[in-house]
Amino acid sequence: MHEMSLVEAVFESLLPLCADNGWKRVEKVTLKIGTLRQVIPEALLFCFETAAAGTPLEGAMLDIQEVPIRQKCRHCGLEWGGEIPLGRCTACGSTEVDTISGVELDIESLEVAVDDDEKS
Amino acid sequence: MTTKKVSIFKSVLAADEQFAHSIRKEMSEREILVLNLIGSPGAGKTSLLEETLKRRRFNSAVVEGDIATARDAERIASCCVPVVQINTRGGCHLEANLVSKALKALSLENVDVVFIENVGNLVCPAEFDLGEDYKVAVCSSAEGADKPLKYPHLFHECGAVVLTKKDLFPHVRFDRDLFWSDVDSLNAKAAKFEVDNLSGEGIDGWVDQVEKWLNLKRRS
């Protein structure tokens, strides 16, 4: 249950940003989360709603975009995806395999409410 | 009022990653190897450490992570090595900001290896970079042979897998071939060990690996 830690980190990052920019209401937060990060979306949503109360993020929609696991062999260049990461290339058997996606844990974007004259 | 979209492109854990980065930099300068031991409660992490420390092949210091109590730190202290306990008070994993504070409380003069014993848990600790050189997955035969595939992130990422309680293989019908073939499919490069913490069987091979990593770090 590391979802609360992740939500705390999201808020530590976003609340100062809201204060600095004068954003009083955030409508949507988009996170990119890799399959390998073992995050349970429902738990993340619950923690987010709890932590958002009384902040500019209260009522914001949390959009969790799951990024599937992709791997690539350094030796033969084969790329593949799957439910679990592999330690060996499925074609040439090399162990020089990179995980090129599926480990993301990123704040992608925000949608904030702004006065019309502020919009740029 | 209208809506404005703002791109952020920032890691959720950016603040904590800064701490991990500082730890890695400082430990590189001091040529200290840092290992992050991760496994379920009762897997044998503390016993593995006790057996490792007893052999005195290098100077060690230990950071103990637990939800509550200083019991593990007391066990380690009786091995006469510097130890500091972190109580997470319910937190299911260690974070680099906590480890950074703990390291400041340790005297690292003449230390070769810092062992961080993470909170007993196979899931969350794998997600947090503590500035270590390698994660080490510690799994006991009593947990069952299916654990690597059920908790793939740790087994995929770690530098070594230590299978403990090998003396229990026949009693818990441990499927050894399945365990190691699953580990191999997730992480063919991981160093692999079977140990019995009670008799000390297999510990030397693991300690050799720690020494090998330490020498690699000194040469880099």
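Residues numbered from 1 in each chain as written. Chains lettered and ligands numbered in written order. Predicted model: local features only at pLDDT ≥ 70, side-chain atom pairs only at ≥ 80, totals over all residues. Heavy atoms only, no water.

**Q** Lay out the sheet that holds strand β1 (residues 26-34) of chain A in plain terms, naming residues and giving numbers.
**A** Pairing is mixed across the open sheet formed by four strands, whose spatial order is β2(A)-β1(A)-β6(A)-β1(B). Each edge of the open sheet is held by one strand with a lone partner, namely β2 (61-67) of chain A together with β1 (2-11) of chain B. For this sheet, the mean inter-axis angle between neighbouring strands, taken without regard to orientation, is 15°. In this structure, β1 of chain A lies alongside strand β6 (residues 105-114) of chain A, joined through seven bridges in antiparallel fashion. Of the residues in β6 of chain A, the one forming a bridge with K28 of chain A is E111 of chain A. (Pairing = 2+ DSSP bridges. Helix = DSSP H or I, 4+ residues; strand = E, 2+ residues; numbered from the N terminus. Axes fitted to C-alpha atoms, helices over the stretch in contact; angles between N-to-C directions.)

**Q** Break down helix α2 (residues 41-52) of chain A for me, with residues and values.
**A** All names here are of chain A. The end-to-end C-alpha distance of α2, which contains 12 residues, comes to 16 Å, matching closely the 16 Å that a straight helix rising 1.5 Å per residue would cover. Those residues of α2 not exposed but buried are A43, L44, C47, F48 and A52. Viewed along the axis of α2, the buried residues span an arc of 155°, placing them on a single side of the element. Every exposed residue of α2 that faces more than 90 degrees away from the buried side is listed here: E42, F46 and E49. (Expected span 1.5 Å × (residues − 1). Buried < 20%, exposed > 50% of the residue type's maximum accessible area, 1.4 Å probe, protein only. Arc of directions from axis to C-beta.)

**Q** Can you explain the pattern of salt bridges? Please cite residues and give values.
**A** Following the criterion strictly, the structure yields 28 salt bridges over all chains and no others. In this structure, R30 of chain B engages E26 of chain B in a salt bridge whose closest nitrogen and oxygen atoms are separated by 3.1 Å. Among the residues examined, E26 of chain B registers a relative accessible area of 36% and is labelled partly exposed. Note that R218 of chain B and D112 of chain B form a salt bridge whose closest N and O atoms lie 2.7 Å from each other. Within this pair, whereas R218 of chain B is found in helix α8 (residues 203-219), its partner D112 of chain B is found in the loop between α4 (96-104) and β5 (113-117), the two being separated by 106 residues in sequence. The class of R218 of chain B is partly exposed, set by a relative accessible area of 36%. Each of R74, E96 and D98 of chain A together with K189 of chain B takes part in one network of salt bridges that share partners. (Salt bridge = Lys/Arg side-chain N within 4 Å of Asp/Glu carboxyl O.)

**Q** Please set out the packing of aromatic side chains residue by residue, giving values where relevant.
**A** All names here are of chain B. The tally for this structure, following the rule as stated, stands at eight aromatic pairs over all chains. Taken together, a centroid distance of 5.5 Å and an interplanar angle of 50° make the contact between F174 and F179 tilted. You'll find F174 and F179 in the same group, each marked buried. Aromatic side chains F179 and W180 sit 4.9 Å apart centroid to centroid with 90° between the ring planes, which places their arrangement in the edge-to-face category. Overall, the relative accessible area of 0% leaves F179 in the buried class. (Phe/Tyr/Trp six-rings, centres within 6.5 Å; stacked < 30°, edge-to-face > 60°.)

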